[in-house]
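Overview (structure and organization)
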Amino acid sequence: GDVIRDYIYIKDCVKIIHQLINKNISNQIINVGSNQGYSINEILAMMREQIGNFKVEYQDARSFDVPRIVLDTSRLKSLISFQLNPIEVGIQHTYQWLKQYE
């Protein structure tokens, strides 16, 4: 649960890609992320705040997992203007979406 990743709400990602396409930006390597890192344990804590407690089953880390990935989004910011939903909002929207399909 200590592995850190750069999470982004899917609708924010789609909006960013849409803006890049509309500006005819192509054939470039651009990091799309939040420029912030959260551990799995931090994400789980945020989820518990919103939906209550649930069981988590931890597994051993895989040998090839990188312990920390946080993207540098400075190039993206130089190309377009965007604002991301806070991570808690993305979690809430995702949870609400998933509840529709229970």
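Residues numbered from 1 in each chain as written. Predicted model: local features only at pLDDT ≥ 70, side-chain atom pairs only at ≥ 80, totals over all residues. Heavy atoms only, no water.

A few points about the packing of aromatic side chains
Formally: Under the pairing criterion, centres of Phe, Tyr and Trp rings, with the six-membered ring standing for Trp, must be within 6.5 Å; the plane angle then separates stacked pairs below 30 degrees from edge-to-face pairs above 60, leaving the rest tilted. In this scheme, a residue with accessible area under 20% of its type's maximum is buried, one over 50% is exposed, and one in between is partly exposed, where area comes from a 1.4 Å probe on protein chains only. We call a charge positioned above a ring when the Lys NZ or Arg CZ atom is no farther than 6 Å from the ring centre and deviates by at most 35 degrees from the ring normal.
Applying the stated criterion across every chain yields a total of 1 aromatic pair. Their ring planes at 55° and their centres at 5.0 Å tell us that Trp 97 and Tyr 101 sit as a pair that is tilted. A residue is classified by how much of its surface remains accessible, and Trp 97, at 48% relative accessible area, is partly exposed. The positively charged end of Arg 48 is found above the aromatic ring belonging to Phe 54, 4.8 Å away from the centroid.

So, the layout of surface pockets
Formally: The pocket and cavity definitions rest on a 1 Å grid over protein atoms only: a 1.4 Å probe that fits but cannot leave marks a cavity, an open set with protein on both sides within 12 Å along at least five of seven lines marks a pocket, and residues lining either have an atom within 4 Å of a point. Grid points are joined across faces, edges and corners, and a volume is the space filled by probe spheres set on the points. Helix and strand definitions follow DSSP, with helices as H or I runs of at least four residues and strands as E runs of at least two, each counted in order from the N terminus. Think of it as three bins: nonpolar holds Ala, Val, Leu, Ile, Met, Phe, Trp, Tyr, Cys and Pro, charged holds Asp, Glu, Lys and Arg, and polar takes everything else, Gly as well.
The calculated volume of the largest pocket comes to roughly 350 Å³. Only helix 2 (40–51) and helix 4 (87–99) provide two or more residues apiece to the lining of the largest pocket. Sort the elements by how many residues they give to the lining of the largest pocket and helix 4 lands first, with 7 residues. In the lining of the largest pocket, the residues fall into 11 nonpolar, 3 polar and 2 charged. Estimated volume of the second largest pocket: approximately 280 Å³. Taken together, 14 residues form the lining of the second largest pocket, with Gly 1, Val 3, Ile 40, Gln 59 and Asp 65 sitting closest to its centre. In the lining of the second largest pocket, the residues fall into 6 nonpolar, 2 polar and 6 charged.

A short note on the side chain of Ser 34
Rules: In protein, a polar contact requires one atom able to donate a hydrogen and another able to accept it; more generally it is a pair of N or O atoms within 3.5 Å, and residues adjacent in sequence count only if both atoms are side-chain atoms. Contacts are assigned to residue pairs that have any heavy atoms within 4.5 Å of one another.
For Ser 34, the position within the fold is in the loop between helix 1 (10–22) and strand 2 (38–39). Assessed through its relative accessible area of 17%, Ser 34 is described here as buried. For Ser 34, the side chain forms a polar contact with the main-chain oxygen of Gln 36, separated by 3.2 Å. Ignoring anything within four residues of it in the chain, the contact list for Ser 34 reads Asp 6, Tyr 7, Thr 73 and Leu 84.

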